[in-house]
Amino acid sequence: MMETPQNGTIHTQVTNNIATITFSHPAGNSFPSALLAKLTLAFEDLGKNPEVNLILLKSEGKSAFCAGASFDELLAVSNLVEATNFFSGFANVINAMRKCPKLIVGRIHGKTVGGGVGLACACDFTFATNNAAVKLSEIAIGIGPFVIEPAVSKKIGQTAMSQLALDPTEWKSASWAFENHLYNKIFETIEEMDENLHQYLNQMAGFNPEALSENKKILWQNTEHWDQLLYERAAISGKLILSDFSRNALNQFKKN
């Protein structure tokens, strides 16, 4: 499929040893499977690039950071293989992020839902604004945050994870996310965030890249079983999304 703004885009740029991955989609920076595959490939490629010491993950616009999975594509899946493959797209991205030897910094400028929360949690360090509220709405559409749960629980702990997952219609504030270690730094405005982010990236990119890589290994130790676990979780989501409840809930969400 040709990359167009309507299908969503992934842009990668490398400057001064800092790689920036920017994703976009007209539906709230959500992710269809093709875009998830491109994001996975971007992390894999940059991880092998000797000119890259650090990776920044961001999205376009000033509204939502990421609306999670593409509802249009979820409604289009018609069998278990298609559904499991779709959710495996998020498994692929999270596994690519944890295996990437470069530290990944997230720029979370606005609200993020579902899979977008998983992406934020799979980053090694995160900057956010006070507008960057979070929500896990999966139960409301008849599934659960199964694929992303390991990344979210690793970042914020199981107690905070349960607060998110079991309150699927309520937004948790950026301050809540900061207090529960989902965000490392929060700022009043995008401009203030970007100024501090720029300083941080330039400083970190100047450090010993081998030391950064070794620190990354420590951050993600004991997660090797995710190579199997996340795909088992994708199969659970794939089965549930085909239910009548999920079909009706997705259609209702689209109307709203």
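Refer to the structure presented above.
Quick notes on the rules
- Residues numbered from 1 in each chain as written.
- Predicted model: local features only at pLDDT ≥ 70, side-chain atom pairs only at ≥ 80, totals over all residues.
- Heavy atoms only, no water.
- Buried < 20%, exposed > 50% of the residue type's maximum accessible area, 1.4 Å probe, protein only.
- Helix = DSSP H or I, 4+ residues; strand = E, 2+ residues; numbered from the N terminus.
- Pairing = 2+ DSSP bridges.
- Salt bridge = Lys/Arg side-chain N within 4 Å of Asp/Glu carboxyl O.
- Core = buried A, V, L, I, M, F, W, Y, C linked by side-chain atoms within 4.5 Å.
- Contact = heavy atoms within 4.5 Å.

Student: What is the right way to look at the pairing of strand β4 (residues 103-108) in this model?
Tutor: Here is the key point about a regular strand: its side chains alternate between the two faces of the sheet. β4 sits mainly inside the fold: 6 of its 6 residues count as buried. Of the two faces of β4, the one holding Leu103, Val105 and Arg107 and the one holding Ile104, Gly106 and Ile108 are both buried throughout. Pairing geometry for β4 and strand β6 (residues 125-129), over 4 bridges, is parallel. Across the sheet, the residue bridging to Ile108 is Ala128, located in β6.

Student: For this particular structure, what's the right way to read the pattern of salt bridges?
Tutor: A side chain of one charge can pair with a side chain of the opposite charge if their charged atoms are brought near each other. Within this structure, the stated rule accounts for 7 salt bridges. A salt bridge links Lys99 to Asp227; the shortest N-O distance between them is 2.8 Å. A residue pair is termed long-range when its members are at least 10 positions apart, and Lys99 in helix α3 (residues 80-99) and Asp227 in helix α9 (residues 226-241) qualify at 128 residues. Lys172 is the salt-bridge partner of Asp167, the closest N and O atoms lying 3.8 Å from each other. Using a relative accessible area of 27% as the deciding quantity, one classes Asp167 as partly exposed.

Student: Before we go on, may I ask you to explain the nonpolar core in this structure?
Tutor: Counting 65 residues, the largest nonpolar core has Phe31 and Phe43 as the members making the most contacts within it. Per-element accounting of this core gives the leading share, 9 residues, to α3. When sequence neighbours within four positions are dropped, the list of residues in contact with Phe31 reads Ile10, Phe23, Leu36, Leu39, Cys66, Gly68, Ala69, Ser70, Phe86, Phe90 and Leu119. Met193, Leu201, Met204 and Leu212 belong to the second largest nonpolar core, which has 15 residues in total.

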